[in-house]
Amino acid sequence: MSNKKVLFVLLDEYADWEAASLAAALNEEPEGQGQQFDVKTVSLTKDPIKSIGGFTVLPDYGLDDVPEEFAGLILIGGNSWRKEESKQVMELVDKALEKQVVLGAICDATVFLGINGLLNNIPHTSNYLEDLKQTASGSYSNEAGYLQQQAVRSGNIITANGSAFLEFGKRVLEALNAAPQEEIDEWYGFFKKGHHEYMKTKQ
């Protein structure tokens, strides 16, 4: 059986630091289980895109040839989610919701969800509440559901601010049941605390 695909949506000027650690963790093999997931990149087309950090990526898929079956859809933040052309991604988001797979959005991709009315019935977070309210305008009506937290999981939907790539990654890994909880906690603790501080906890 082939590994389950997790699709990372990367638009032009995407925030590379928000994608890398989670993608690497998903591509790893949990101890004794073999590789479970296969990370694939998606953009509007298969044309090369460049990250904020200057990394050029050739997407695996454009929106017109995304596979029907996937286990997760991860919207990586960046500078293109408020552009008109980003609306094309909603067809893929709707497919993820219909299939009830894991849907993650970090940084400005959370604003994209807000603009499209997907944060109105769930606990969530974003970069700044006031910016979310102003940008999503009449499409957003759930200020009471906004949590001042690094990352928030509501069922299969995970939202996070742009500094929370580790918290976001942890909750996505948990939602996907990507590894035993102990391994996920170790992954998070190692990178959050740093090598030397984390090793003190293992003594």
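The preceding data block contains the structure.
Residues numbered from 1 in each chain as written. Predicted model: local features only at pLDDT ≥ 70, side-chain atom pairs only at ≥ 80, totals over all residues. Heavy atoms only, no water.

Draft legend 1. Looking closely at the packing of aromatic side chains. Taken as a whole and judged by the stated rule, the model has four aromatic pairs. Pairing Phe-190 with Phe-191 gives two aromatic rings, centres 5.2 Å apart and planes at 90 degrees, and the pair type is edge-to-face. What makes Phe-190 partly exposed here is its relative accessible area of 30%. Between Phe-190 and Tyr-198, the ring centres sit 5.8 Å apart and the planes meet at 80 degrees, which makes this aromatic pair edge-to-face. Feature note: the residues Trp-187, Phe-190, Phe-191 and Tyr-198 constitute an aromatic cluster, connected by ring pairs. The aromatic ring of Tyr-188 is capped on one face by Lys-170, whose charged end is 6.0 Å from the ring centroid. (Phe/Tyr/Trp six-rings, centres within 6.5 Å; stacked < 30°, edge-to-face > 60°. Buried < 20%, exposed > 50% of the residue type's maximum accessible area, 1.4 Å probe, protein only. Lys NZ or Arg CZ within 6 Å of the ring centre and 35° of its normal.)

Draft legend 2. Seen up close, the nonpolar core. Phe-8, Leu-26 and Leu-176 are the most contacted members of the largest nonpolar core, which totals 34 residues. Discounting residues that sit within four places of it in the chain, Phe-8 has contacts with Ala-19, Leu-22, Ala-23, Leu-26, Val-39, Lys-40, Thr-41, Val-42, Ile-74 and Ile-76. Of all hydrophobic cores here, the second largest spans 30 residues; its members include Leu-75, Val-89, Val-93 and Ile-157. (Core = buried A, V, L, I, M, F, W, Y, C linked by side-chain atoms within 4.5 Å. Contact = heavy atoms within 4.5 Å.)

Draft legend 3. Looking closely at the layout of surface pockets. The volume enclosed by the largest pocket comes to roughly 210 Å³. Every residue lining the largest pocket is counted, 14 residues in all, and those nearest its centre are Ala-25, Glu-28, Ala-179, Glu-183 and Trp-187. Secondary structure elements with two or more residues in the lining of the largest pocket: helix H1 (16-27) and helix H6 (181-193). Here the element with the most residues in the lining of the largest pocket is H6; it accounts for four residues. Its residues assigned to classes, the lining of the largest pocket comprises nine nonpolar, one polar and four charged. Every residue lining the second largest pocket is listed: Phe-8, Leu-10, Tyr-14, Asp-16, Ala-19, Ala-20, Ala-23, Val-39, Lys-40, Thr-41 and Asp-60. Going through the elements one at a time, H1 and strand S2 (37-43) are the ones with two or more residues in the lining of the second largest pocket. Sort the elements by how many residues they give to the lining of the second largest pocket and H1 lands first, with four residues. (1 Å grid on protein atoms, 1.4 Å probe; cavity = no way out; pocket = protein on both sides within 12 Å on 5 of 7 lines; lining within 4 Å. Points joined across faces, edges and corners; volume = space filled by probe spheres on them. Helix = DSSP H or I, 4+ residues; strand = E, 2+ residues; numbered from the N terminus. Nonpolar A, V, L, I, M, F, W, Y, C, P; charged D, E, K, R; others polar.)

Draft legend 4. Seen up close, helix H5 (residues 165-175). With eight of eleven residues buried, H5 is to be regarded as a mostly interior element. Among the residues trailing H5, Asn-177 stands out with phi positive, at a value near 50 degrees.

Draft legend 5. Summary view of the sheet that holds strand S5 (residues 61-62). In space, the seven strands of this open sheet follow the order S5-S2-S1-S6-S7-S9-S8, with mixed pairing throughout. Edge positions in the sheet fall to S5 and strand S8 (151-154), since each has one partner strand and no second. Along the sheet, H1 contacts strand S1 (4-9), S2, strand S6 (72-75) and strand S7 (102-106); its crossing angle with S2, the most-contacted strand, is approximately 145 degrees. Helix H2 (residues 90-99) rests against S1, S2, S6, S7 and strand S9 (157-160) of the sheet, and its axis sits at about 140 degrees to S6. (Pairing = 2+ DSSP bridges. Axes fitted to C-alpha atoms, helices over the stretch in contact; angles between N-to-C directions.)

Draft legend 6. H6, seen in detail. With 13 residues, H6 ought to run about 18 Å at 1.5 Å a step, and its terminal C-alpha atoms sit 18 Å apart, in line with that. Among the residues of H6, those classed as buried are Ile-184, Trp-187, Tyr-188 and Gly-189. Taken from the residues just after H6, Gly-194 is the one with a positive phi, measuring 90 degrees. (Expected span 1.5 Å × (residues − 1).)

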